[in-house]
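Coordinate inspection notes
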Amino acid sequence: MASQGPSLLKAGLLMLLAAQILPPASGCNRGAYEIKIDEFCQAKFRLDMMGLERSAWCSWPTTMKIYEELTNCTHQVALKMDCFWPNAVVDHFFMRVHTDYFSDCALTGRLLHDPPISILAPFIAVPVLMTLLMTAAVVWRSKRTEGML
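Bear in mind that the values here come from a model prediction, so they are computed numbers and not experimental data.

**Some details on the pattern of salt bridges**
Close approach of charged atoms allows side chains of opposite charge to pair. Enumeration according to the criterion identifies five salt bridges in this entry. Residues Glu34 and Arg96 are paired through a salt bridge, measuring 3.7 Å at the closest nitrogen-oxygen approach. Pair noted here: Glu34 is in helix α2 (residues 30-50) and Arg96 is in helix α4 (residues 88-101), with a separation of 62 residues, a long-range link. When salt bridges that share partners are traced, they join Lys44, Asp48, Lys65 and Glu69 into one network.

**Focus: the packing of aromatic side chains**
For the structure shown, the criterion picks out eight aromatic pairs. Look at Trp60 and Tyr67: their rings are 5.8 Å apart centre to centre, the planes differ by 65°, and that puts the pair in the edge-to-face class. Using a relative accessible area of 48% as the deciding quantity, one classes Trp60 as partly exposed. Grouped by ring-pair contacts, the aromatic residues Phe45, Trp57, Trp60, Tyr67, Phe93, Phe94, Tyr101 and Phe102 constitute a single cluster.

**What to know about the packing of α2 against helix α3 (residues 60-80)**
Viewed as axis vectors pointing N to C, α2 and α3 meet at an angle of 165°, and their least axial separation amounts to 10 Å. It follows from the interaxial angle that α2 and α3 lie roughly antiparallel. Both α2 and α3 take part in a crossing whose hand is right-handed. Counting all contacts with α2, which are made through Tyr33, Lys36, Ile37, Phe40, Cys41, Gln42, Lys44, Phe45, Asp48 and Met49, the residues of α3 involved are Thr63, Ile66, Tyr67, Glu69, Leu70, Cys73, Thr74, Val77 and Ala78.

**Some thoughts on the state of the cysteines**
Under the criterion given, the structure shown has three disulfides. Two residues share a disulfide in this structure: Cys41 and Cys73, whose sulfurs sit 2.0 Å from each other. Because the sign of the S-S torsion sets the handedness, a value of about -80° for the bond joining Cys41 and Cys73 places this disulfide among the left-handed ones. Linking Cys41 in helix α2 with Cys73 in helix α3, this pair joins segments that are 32 residues apart in sequence. With relative accessibility at 3%, the residue Cys41 sits in the buried group.

**Thoughts on the nonpolar core**
In terms of nonpolar packing, the biggest core is built from 21 residues, with Tyr33, Phe45 and Phe102 touching the most fellow members. Looking at this core element by element, the count peaks at six residues for α4. Dropping the residues within four chain positions of it, Phe102 is found in contact with Phe45, Met49, Trp57, Thr63, Tyr67 and Val97.

**Observations regarding the environment of Ser59**
Structurally, Ser59 can be placed in the loop between α2 and α3. Taking the C-alpha atoms as reference, Ser59 lies 8.7 Å from Cys105; in sequence the two are 46 residues apart.

**Some remarks on the side chain of Thr63**
With respect to the element layout, Thr63 can be found in helix α3. In this structure Thr63 comes out as buried when scored by relative accessible area, which is 2%. Filtering out sequence-adjacent residues up to four positions away, Thr63 remains in contact with Met49, Leu52, Ala56, Trp57 and Phe102.

What counts, and where the lines are drawn
- For every chain, the first residue of its written sequence is number 1, and the numbers climb from 1 along that sequence.
- Whole-chain, interface and lining totals are the exception, using all residues; otherwise, since this is a predicted model, local features are given only for residues with pLDDT of at least 70 and side-chain atom pairs are given and counted only at 80 or more.
- Heavy atoms from the whole structure form the basis of all side-chain values; hydrogens and water molecules are not counted.
- When a carboxyl oxygen of Asp or Glu is within 4 Å of a side-chain nitrogen of Lys or Arg, the pair counts as a salt bridge.
- Secondary structure follows DSSP: runs of H or I at least 4 residues long count as helices, runs of E at least 2 residues long count as strands, and numbering of each begins at the N terminus.
- Classification of ring pairs uses Phe, Tyr and Trp, with its six-membered ring standing for Trp, and accepts pairs whose centres are within 6.5 Å; under 30 degrees between planes counts as stacked, over 60 as edge-to-face, and the remaining range as tilted.
- Each residue is placed in one exposure class: buried if its accessible area under a 1.4 Å probe, protein chains only, is under 20% of its type's maximum, exposed if it is over 50%, and partly exposed if it falls in between.
- As a rule, the C-alpha atoms of each element are fitted with a line to give its axis, helices using only the stretch in contact, and angles between N-to-C directions run from 0 to 180 degrees.
- Each angle receives one of four descriptions, namely roughly parallel if under 35 degrees, roughly antiparallel if over 145, roughly perpendicular if within 65 to 115, and oblique otherwise.
- If you view the pair so one helix is near and one far, a crossing is left-handed when the near helix is turned anticlockwise from the far one by less than a right angle, and right-handed when it is turned clockwise.
- Two residues form a contact once any of their heavy atoms are found within 4.5 Å.
- The definition used for a disulfide is geometric: two cysteine sulfur atoms within 2.5 Å.
- For the purposes of this section, nonpolar cores are sets of buried Ala, Val, Leu, Ile, Met, Phe, Trp, Tyr and Cys residues that join through side-chain atoms within 4.5 Å.

Structure, rendered in structure tokens:
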């Protein structure tokens, strides 16, 4: 039983090493997948986007359906080619799409904003007042205990 421990450890390390070195056992051809999503998905997306005015490219309600079709297309091609989705190829593909079509869009509608002062003030005032109150209570109590011993 004691000799089985080191052999299991060696087998586990060997499996871990093999998983890092050997190519994955997936039927996905990443190069072919990239070509297919460029041919099918990006070509249709490009045509759909060219059908819009360039000023409408940054309007999410206008481009949402086109973008959703692009996302769905990359997923369907991945399923047909036995590729995982999402994957690094899709990430790189969408980074290119965003660089080509949406890099000039302002982030104004998507930026986080501070809450109104009526909500923010209590979240600031209550901890400050509690800290002051607790400090005063500790000082008051420490002065009172001198005569109690």
